[in-house]
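Structural overview
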Amino acid sequence: MRFLTHRRPGPVLLGLAAAAAVAVAVPASASATTQASPVVGHVYVNDNTAGTNTIGAFDRHADGTLTRQAGSPFTAGGAGTGAGLASQGALQISPDGRFLLAVDAGSNQVSVLRIKPNGSLRLVPGGVTSSGGVLPVSVAIHGDLVYVANSGNGGSNYTGFRLRPNGRLQPVAGSAVALPDGSQPGDVLFNGDGTKLAGTRVGTSLIDSFTVGSGGLLTAAPRSPFPAQGLGPFGSEFRPTNPHQLFVSNAHNAGAGSGTVSAFRDSADGTLSPIGSSPFADLQTAPCWVEITHDGHFLFTVNTGSGTISRYSIARGGALTLLGSTPVGDTGGVGAVDARLSPDGRTLFVDESKIGAVGAFAVNRGNLTELASSPTSLPAGATPAGIVVN
């Protein structure tokens, strides 16, 4: 995950909805390995549980295995919807690592929880705040500036906040950018230096691009929103090593194996222009969630419709070369969603919404290998909608 910037499922995504969690057996050998491997960080999942929302938490071991954090799941404060959110970035960690920000889509709120030294979570006093719209689905954060994408009709927008040292969110006056009903924003995200903010409109196949002023207000780029290069622009990420390159998955192209990933150059005024022969073929179905290695050399996209993760190399100029696709395990397969890399870049964790579990893949440059201990189950009743790693 990015230390300076964090980005970055309504109603239905290709007819997929997260199912209740099922028990997943962990081999004895994996259990022994977990016990011997030290805890080096944590993985958090926005459970999006109906009624009171919760956050699932896991200890992350050096070998990539996971064990349930004591006391997990933790109460978020607002309410979930009990269904997929069709979004990326429903859960974020503040740049200083102190706070976890989670959308509460069922109550139109955002919760802020304190991350304790042992990885457990506690809702900060006054930590539940109105999202400024209807059905919040995605959060972006750079420094203390936070933007939330609200996707519900009658209150769809991007709304800005300041994250205060005590963990409370304070609305930024005049920050809201209204969106037409039916836009269904799926992701909102900052670039690496915080000078740009982008948002995908899944419902109308458009991409918003803004410059960010010193006061945190947004200025739309000339001709923004820009037409996407495919149907349902969904997951997105700025290249960690180049804040002027933006990559967007096109999830809703008609036909099996027709997914694509677009590469854009983001100019000084926010104008987006295609890179090379963009869009680049995915050869899979419904590429949705996008993650780029910390060195900027490789891109992974989770193909929710075909149960695979596509792997690309990224050229210096931003062009993509498809390396192949790695299947998500038989117990997950179709329905895998959000994905995040560990801080050391050695493990990719995948939210497997179909079975309510977290998958783990060893990363070797552009190659992925699912760990023997994967997947690890979430609490019963979880309908996971976002994952983060520290």
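The structure under discussion appears in the preceding block.
In this report, the structure presented in the accompanying data block is examined.

Regarding the side chain of aspartate 338
- The topology assignment puts aspartate 338 in strand S29 (residues 336–341).
- Here aspartate 338 is buried and forms no salt bridge, its nearest opposite-charge partner arginine 340 lying at an N-O distance of 4.5 Å.
- A distance of 3.4 Å separates a polar side-chain atom of aspartate 338 from the backbone nitrogen of isoleucine 387.
- Filtering out sequence-adjacent residues up to four positions away, aspartate 338 remains in contact with Gln88, Gly89, Trp289, Phe349, Val350, Asp351, Gly386 and Ile387.

Section: the sheet that holds strand S26 (residues 298–303)
- Read from one edge of the open sheet, 4 strands run S25-S26-S27-S28, paired in antiparallel fashion. Both outer strands of the open sheet, strand S25 (287–292) and strand S28 (320–327), are each paired with one neighbouring strand and no more. Looking at each pair of strands side by side, their axes are set apart by 25° on average, direction ignored.
- Of the pairings in the sheet, the one linking strand S27 (residues 308–314) to S28 comprises 7 bridges and is antiparallel in character. Bridging from a neighbouring strand, serine 313 pairs with threonine 321 of S28.

Notes on the pairing of strand S15 (residues 185–190)
- Within S15, 6 of the 6 residues are buried, which leaves the element mostly enclosed by the surrounding structure.
- Pairing analysis gives 5 bridges linking S15 to strand S16 (residues 196–201), with the strands arranged antiparallel. In the strand pairing of S16, proline 185 is matched with arginine 201.
- With antiparallel pairing between neighbouring strands as the criterion, S15 and S16 make up a hairpin whose turn holds 5 residues, including glycine 194 at a positive phi of roughly 75°.

Some details on the packing of aromatic side chains
- Applying the stated criterion to the full structure yields 3 aromatic pairs.
- Ring geometry for tyrosine 147 against phenylalanine 190: centres 6.3 Å apart, planes inclined by 70°, an arrangement best described as edge-to-face. Taken together, the positions of tyrosine 147 in strand S11 (residues 145–150) and phenylalanine 190 in strand S15 put the pair 43 residues apart, joining distant regions of the chain. With respect to class, tyrosine 147 is no different from phenylalanine 190; both count as buried.
- Sitting above the plane of the phenylalanine 99 ring, arginine 114 keeps its charged end 5.9 Å from the centroid.

Description of the environment of threonine 285
- When you line up the elements, threonine 285 lands in the loop between strand S24 (280–281) and S25.
- Threonine 285 gets classed as partly exposed once you look at its relative accessible area, which sits at 23%.
- Put simply, threonine 285 and asparagine 253 are 32 residues apart on the chain and 8.2 Å apart in space, counted from C-alpha to C-alpha.
- Beyond its immediate stretch of four places on either side in the chain, threonine 285 contacts Ala256, Gly257, Asn303, Thr304, Gly305 and Ser306.

Let's talk about the environment of leucine 121
- The topology assignment puts leucine 121 in strand S9 (residues 121–130).
- Since its relative accessible area comes to 7%, leucine 121 is described here as buried.
- Distance from leucine 121 to leucine 100, taken between C-alpha atoms, is 8.3 Å for residues 21 residues apart in sequence.

Reading guide: rules and limits
- Residues numbered from 1 in each chain as written.
- Predicted model: local features only at pLDDT ≥ 70, side-chain atom pairs only at ≥ 80, totals over all residues.
- Heavy atoms only, no water.
- Helix = DSSP H or I, 4+ residues; strand = E, 2+ residues; numbered from the N terminus.
- Buried < 20%, exposed > 50% of the residue type's maximum accessible area, 1.4 Å probe, protein only.
- Lys, Arg positive; Asp, Glu negative; His and termini not counted.
- Salt bridge = Lys/Arg side-chain N within 4 Å of Asp/Glu carboxyl O.
- Polar contact = N/O pair within 3.5 Å; in protein donor to acceptor, adjacent residues only side chain to side chain.
- Contact = heavy atoms within 4.5 Å.
- Pairing = 2+ DSSP bridges.
- Axes fitted to C-alpha atoms, helices over the stretch in contact; angles between N-to-C directions.
- Phe/Tyr/Trp six-rings, centres within 6.5 Å; stacked < 30°, edge-to-face > 60°.
- Lys NZ or Arg CZ within 6 Å of the ring centre and 35° of its normal.

All we've got here are geometric facts, nothing functional implied.
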